[in-house]
Number of protein chains: 2
Amino acid sequence: MKRYEQLADEIAGLIRAGTLSPGEKVPSVRRASQSYGVSPSTVFQAYYLLEDRGLISARARSGYYVRQQLRVPLHERQTVASQSLAAEVDVSDLVFSVLSALRDPNTVPFGAAFPCPDLFPLARLGRSMSHAVQAMSGSSLVAKLTAGDPDLIRQIALRYGVNGVALAPEELVVTNGAMEALSLCLKCVTQPGDLVAIEAPAFYATLQALERLKLKAVEIPVHPRDGLDLEVLADRLETLPIKACWFMPHLQNPVGASLDEDKKRALCELITRHQVPLIEDDVYAELYFDAQPPRPVKHFDREGWVMHCSSFSKSLAPGYRVGWTAAGRFTERVNRLRLMTTISASVPAQMAIADYLQHGGYDRHLRKLRQTLKAQQTQMLAAAAQYFPAETWVSPPAGGYYLWFELPEHVDSLKLFRLAHAQGISLAPGPIFSASQRFVNCVRLNYGYQWDEESERAMRTLGGILRSEAVLVSAG
Amino acid sequence: MKRYEQLADEIAGLIRAGTLSPGEKVPSVRRASQSYGVSPSTVFQAYYLLEDRGLISARARSGYYVRQQLRVPLHERQTVASQSLAAEVDVSDLVFSVLSALRDPNTVPFGAAFPCPDLFPLARLGRSMSHAVQAMSGSSLVAKLTAGDPDLIRQIALRYGVNGVALAPEELVVTNGAMEALSLCLKCVTQPGDLVAIEAPAFYATLQALERLKLKAVEIPVHPRDGLDLEVLADRLETLPIKACWFMPHLQNPVGASLDEDKKRALCELITRHQVPLIEDDVYAELYFDAQPPRPVKHFDREGWVMHCSSFSKSLAPGYRVGWTAAGRFTERVNRLRLMTTISASVPAQMAIADYLQHGGYDRHLRKLRQTLKAQQTQMLAAAAQYFPAETWVSPPAGGYYLWFELPEHVDSLKLFRLAHAQGISLAPGPIFSASQRFVNCVRLNYGYQWDEESERAMRTLGGILRSEAVLVSAG
């Protein structure tokens with residue numbers, strides 16, 4: 001552990017113990033530097049880390065203050081492992097009933113799966129679309145139908161290259177969004193009845209895909225900050241005939257955890273040694289808050305066992321339905337399966353995105369998008385600190401647009417979901433993220449919409465519901 | 001059989017017997033009316049029918065002549081039934097090797113799966129797309145992502161209504177082209193190992209879908225003119241535990257046959273009585289040459305056993321990837337499966353087509369498209385009559401853009417395929433349309449491209465190859 005991390009832990013200890021109370025000013029950088037015997041820059045780093053963890057916040061020209069806040073522990077609760085080693089998956093009815101409620105346009109969209117569409121450059125993309133369809137010739141259209149738009153593929157390969165993953169265009173398969181890429185990859189490497197390692201909690205679409213293909217889930221716990229538990233995974237790969245892994249090593253949905261680079265390398269070595277394909281779901285690749293883009297597990301993949309899947313749906317063009325996979329040694333199989341099931345992603349959508357990537361200013365847009373999301377995360381954290389019960393736990397992720405709240409133990413998030421919906425607030429209850437319907441006291445909230453008075457009121461309302469008896473787990 | 005059909009058969013008999021030779025003038029309408037004791041209009045009808053069958057052709061101001069022609073029999077060969085009752089399907093390697101050759105842009109595209117893209121109003125559609133993306137709001141986009149574009153759905157429902165199928169918008173699921181609609185429907189109503197009734201010959205994607213889902217094919221013969229053999233189907237439904245049917249009752253791919261309305265009604269009654277879902281693949285719905293649009297089997301479906309699938313890919317917007325299904329009692333299941341596999345068809349593509357359907361002049365475009373295809377069919381038939389061996393059989397279909405040629409018995413169409421490809425001509429060999437790799441002496445040729453000297457030369461080249469020994473089935 002580095003010195004500034006130690007320092008951050010010490011100060012966090014003071015906050016937890018109540019020595020530093022909510023609202024109180026933390027020592028100035030100069031004073032802390034003197035009393036702890038460290039450089040001012042170490043103090044700054046420690047304070048940044050504490051800010052990042054939601055423990056303190058800066059006020060302009062005044063220094064740092066302990067937040068009116070959740071008790072964010074330095075070492076968050078370890079999510080417990082599943083009791084059964086491999087579970088049949090049967091969540092679709094629950095998921096669909098929740099998702100249909102989430103579609104109600106008159107609710108505060110904390111349960112939404114996308115960030116606010118107004119964050120995307122839809123008008124600029126529209127101009128790219130107009131250019132694209134004007135330039136569209138009949139013969140090129142037919143060629144692109146089976147092979148994908150070569151300009152788009154080149155642009156995607158370029159972005160991989162910049163991020164340290166050298167890929168030939170032939171290694172990319174363009175799909176109808178990341179969802180199709182993930183489905184095709186999973187289908188390619190499994191047979192009904194096979195075991196697949198997934199995260200716990202996991203993105204509900206992962207659970208549904210397993211259910212649909214009659215696969216069994218081996219749940220690997222995800223730590224809210226450190227991500228996937230590689231020790232448990234190593235044990236399961238050793239002892240069970242796992243045929244595939246499907247993980248989100250970066251900004252995991254729902255908890256938001258990311259593996260660091262060492263763990264990504266270790267994960268790649270582990271699955272390569274076992275020759276078990278890894279479906280790397282990286283749809284939030286572009287939504288990091290750090291200065292540098294994190295490298296995917298695919299970066300370490302020398303033998304082609306990683307099937308890296310992503311899309312433009314969360315970063316640029318929701319609704320266009322353009323995603324892709326770099327599927328390593330499985331590329332040809334995935335490509336054939338695509339041709340047999342949907343043939344192709346929409347060609348005009350591919351051309352529009354290719355044009356935008358070349359001329360639209362994607363990186364500028366992304367920088368702005370990240371800033372906005374980061375600011376909104378801070379606002380939701382502050383509101384949660386103010387309104388939610390003190391026994392709420394959260395680990396603010398370094399990107400994306402979700403916060404995963406572990407509520408007091410006796411809260412039933414499905415009850416919360418229904419009570420909140422009655423008050424015009426949507427949220428994503430924990431059990432839809434679990435093959436074994438655990439995480440009953442957890443919710444995923446979306447901060448991807450503009451933060452306003454209504455958001456603030458909704459957080460206060462949720463806090464009120466959380467304090468009522470109606471939300472408690474029924475006895476027996 | 002009606003009187004004019006009898007008359008047509010009699011005259012066809014004279015042609016086959018050589019009593020009327022190629023190039024010879026057939027009796028004038030007046031003379032035939034006298035000698036057969038029928039009205040001139042009956043003679044006209046008979047001659048139209050003969051012309052339709054490719055047996056005679058009109059010369060301006062001179063009357064009808066026997067064509068330099070294939071011996072198109074009045075009662076074409078009955079396609080033989082499969083030996084085994086239910087077959088494992090394993091065609092993908094063959095199909096993919098053929099399809100990849102078909103993609104070569106430097107060949108005469110007789111093997112193509114689409115008509116020439118220049119036949120479609122791509123520029124007008126592009127304007128619709130520009131309007132659509134300019135009008136696109138963020139919030140509507142997210143709503144359309146799960147439910148489909150309501151304007152598009154309304155337009156599709158309207159077209160069904162005009163054609164005698166009353167559908168509520170909720171009964172329609174918008175998909176990534178018809179291919180996804182068909183895949184989802186099949187997946188919804190089957191389990192691995194199930195028996196599925198398909199046509200013989202069948203569209204190769206049907207065979208691939210069965211192979212992918214590990215289903216077994218029960219092949220029902222398709223008569224080149226009358227279409228699916230309902231007696232064989234009735235017997236199979238009686239004796240085998242068939243779980244689904246997948247047929248093209250209109251302009252069947254590859255042979256081009258269509259069921260008449262009585263047979264469609266009978267087919268609907270049959271599957272309803274057995275409670276076996278029918279996937280009605282109707283992608284050529286709009287490409288009929290008759291004055292009136294034929295009604296789909298779905299028209300007769302009172303109990304929701306018919307899953308009618310179609311798209312805009314063959315009639316308006318190739319590459320946009322917008323199709324749909326009206327899946328009767330299975331609609332909700334299909335819709336859920338869509339949400340779990342690809343989520344949605346591209347929203348801009350849906351909006352562009354919706355705008356075009358309202359303002360673009362779809363019916364005018366379709367009338368022109370049908371005329372063009374019909375004229376090109378006549379040209380290909382004439383060239384085949386001139387260049388192909390006399391023992392070639394064909395039944396010109398009443399629509400679409402394919403002709404299915406049954407070549408002399410000892411021709412190996414895979415050899416023909418390779419020899420033709422070496423000479424820059426593509427074609428679709430018979431075995432790719434068969435679960436049991438039959439139809440070795442058959443080919444499907446596409447007449448959906450503008451007929452020119454190159455087409456004519458290519459037909460002559462094919463005729464030359466067909467007369468060479470290199471194309472014969474190897475002994476033993």
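Residues numbered from 1 in each chain as written. Chains lettered and ligands numbered in written order. Predicted model: local features only at pLDDT ≥ 70, side-chain atom pairs only at ≥ 80, totals over all residues. Heavy atoms only, no water.

1. Notes on the confidence of the model for chain A
Averaged over all residues, the pLDDT of chain A equals 90, while 95% of them reach at least 70. Overall, residues 71–83 of chain A carries pLDDT values under 50, and its contacts beyond four positions in sequence, including any with other chains, amount to 39 contacts. (pLDDT = per-residue confidence, 0-100. Contact = heavy atoms within 4.5 Å.)

2. A short note on the pattern of salt bridges
With the rule as written, the count across this model stands at 26 salt bridges over all chains. Between Asp93(A) and Arg336(B) there is a salt bridge whose closest N-O contact spans 2.7 Å. Of this pair, Asp93(A) sits in helix α4 (residues 92–102) while Arg336(B) sits in helix α12 (residues 331–341), on two different chains. Two residues, Asp301(A) and Lys298(A), come together in a salt bridge whose shortest N-O distance is 3.1 Å. Lys298(A) shares its class with Asp301(A); the two are buried. One network of salt bridges, with partners in common, ties together Arg159(A), Glu286(A), Asp363(A) and Arg370(A). (Salt bridge = Lys/Arg side-chain N within 4 Å of Asp/Glu carboxyl O. Helix = DSSP H or I, 4+ residues; strand = E, 2+ residues; numbered from the N terminus. Buried < 20%, exposed > 50% of the residue type's maximum accessible area, 1.4 Å probe, protein only.)

3. Digging into the environment of Arg367(B)
Residue and element names in this part refer to chain B. Structurally, arginine 367 can be placed in helix α14 (residues 362–387). For arginine 367, a relative accessible area of 48% corresponds to the partly exposed category. For the pair arginine 367 and tryptophan 404, spaced 37 residues apart in the sequence, the C-alpha separation amounts to 24 Å.

4. A few points about the relation of the copies chain B and chain A
The two copies are related by a screw motion: chain B maps onto chain A through a turn of 180° and a shift of 0.1 Å along the axis, at an RMSD of 0.2 Å. In the structure described here, the two chain copies are related by an operation that fits a two-fold rotation axis. In terms of proximity to the rotation axis, the leading residue of chain B is Ser130(B), whose C-alpha is 2.5 Å off the axis. Comparing interface residues between copies, 100% of those in chain B also sit at the interface in chain A, which points to an isologous, same-surface contact. (Least-squares fit on C-alpha atoms with pLDDT ≥ 70 in both.)

5. Some remarks on the sheet that holds strand β16 (residues 442–446) of chain B
Residues and elements named next belong to chain B. The three strands are arranged β13-β16-β15 in an open sheet whose pairing can be described as antiparallel. If you trace the sheet from one side to the other, it starts and ends with β13 (402–406) and β15 (428–429), each paired once. Across two bridges, the pairing between β15 and β16 is antiparallel. When the sheet's bridge partners are listed, proline 429 is paired in β16 with valine 443. (Pairing = 2+ DSSP bridges.)

6. Some words on the interface of chain B and chain A
The interface is formed by 48 residues belonging to chain B together with 48 residues belonging to chain A. For the chain B and chain A pair, buried surface summed over both sides reaches about 4,100 Å², with 67% attributable to carbon and sulfur atoms. Among the residues chain B hides against chain A, the three largest losses belong to Phe96(B), Arg212(B) and Met340(B). Together they make up 16% of the total. Across the contact surface, chain B and chain A share two salt bridges. Counting every contact that joins chain B to chain A gives 16 residue pairs in polar contact (both at pLDDT 80 or more). (Buried area = accessible area lost by both parts, 1.4 Å probe. Polar contact = N/O pair within 3.5 Å; in protein donor to acceptor, adjacent residues only side chain to side chain.)

7. A look at the packing of α4(A) against helix α15 (residues 413–422) of chain A
The packing of two helices is summarised by the inter-axis angle and the distance between the axes. Residues and elements named next belong to chain A. Contact geometry for α4 and α15: axes closest at 11 Å, N-to-C directions at 25°. As judged from the angle between their axes, α4 and α15 are roughly parallel. As for the relative orientation of α4 and α15, their crossing is left-handed in sense. Listed contacts from α15 to Leu94, Val98, Ala101 and Leu102 of α4 are Leu414, Phe417 and His421. (Axes fitted to C-alpha atoms, helices over the stretch in contact; angles between N-to-C directions. Parallel < 35°, antiparallel > 145°, perpendicular 65-115°, else oblique. Left-handed = near helix turned anticlockwise from the far one by under 90°.)

8. Observations concerning the domain arrangement of chain A
Residue and element names in this part refer to chain A. Split into domains, chain A comes out as domain 1 (3–66), domain 2 (88–118 + 368–471) and domain 3 (120–362). One C-alpha centre belongs to domain 2, the other to domain 3, and the line joining them spans 26 Å. At the interface, 37 residues of domain 2 touch 32 residues of domain 3. For the pairing of domain 2 and domain 3, the buried interface totals around 3,100 Å² over both sides, and the portion due to carbon and sulfur atoms is 62%. Sorting the residues of domain 2 by area buried against domain 3 places Val89, Arg370 and Phe433 first, and these three jointly supply 20% of that buried surface. (Domains from an automatic or database assignment.)

9. Thoughts on the packing of aromatic side chains
Tallied over the full model, the rule gives 32 aromatic pairs over all chains. With centroids separated by 6.0 Å and ring planes inclined at 15°, the aromatic side chains of Phe110(B) and Trp451(B) adopt a geometry described as stacked. Within this pair, whereas Phe110(B) is found in the loop between β4 (108–109) and α5 (122–134), its partner Trp451(B) is found in the loop between β16 and α16 (453–466), the two being separated by 341 residues in sequence. One exposure class covers both Phe110(B) and Trp451(B), and it is buried. With centroids separated by 5.3 Å and ring planes inclined at 65°, the aromatic side chains of Phe388(B) and Phe405(B) adopt a geometry described as edge-to-face. Of this pair, Phe388(B) sits in the loop between α14 and β13 while Phe405(B) sits in strand β13, placing them 17 residues apart in sequence. By the burial criterion, Phe388(B) is buried, and Phe405(B) matches it. Above the ring of Tyr402(A), the side-chain terminus of Arg444(A) is found at 3.7 Å from the ring centroid. One Lys or Arg, Lys314(B), reaches over the ring of Phe114(B) and ends 5.3 Å from the middle of that ring. (Phe/Tyr/Trp six-rings, centres within 6.5 Å; stacked < 30°, edge-to-face > 60°. Lys NZ or Arg CZ within 6 Å of the ring centre and 35° of its normal.)

10. Considering the sheet that holds strand β12 (residues 402–406) of chain A
Residues and elements named next belong to chain A. The sheet built from three strands is open, its strands ordered β12-β14-β13 with antiparallel pairing. The open sheet has two edge strands, β12 and β13 (428–429), and neither has a second partner. Those strands touched by helix α14 (residues 362–387) are β12 and β14 (442–446), and its axis lies near 20° from that of β12.

11. Digging into the packing of α5(B) against helix α13 (residues 347–359) of chain B
Residue and element names in this part refer to chain B. Orientation of α5 relative to α13, taken along the N-to-C sense of each, is 115°, at an axis distance of 8 Å. Helix-helix and strand crossings are classified by hand; for α5 and α13 the assignment is right-handed. The residues of α13 that touch α5, namely those facing Arg124, Leu125, Ser128, Met129, His131, Ala132 and Val133, are Pro348, Ala349, Met351, Ala352, Ile353, Asp355, Tyr356 and His359.

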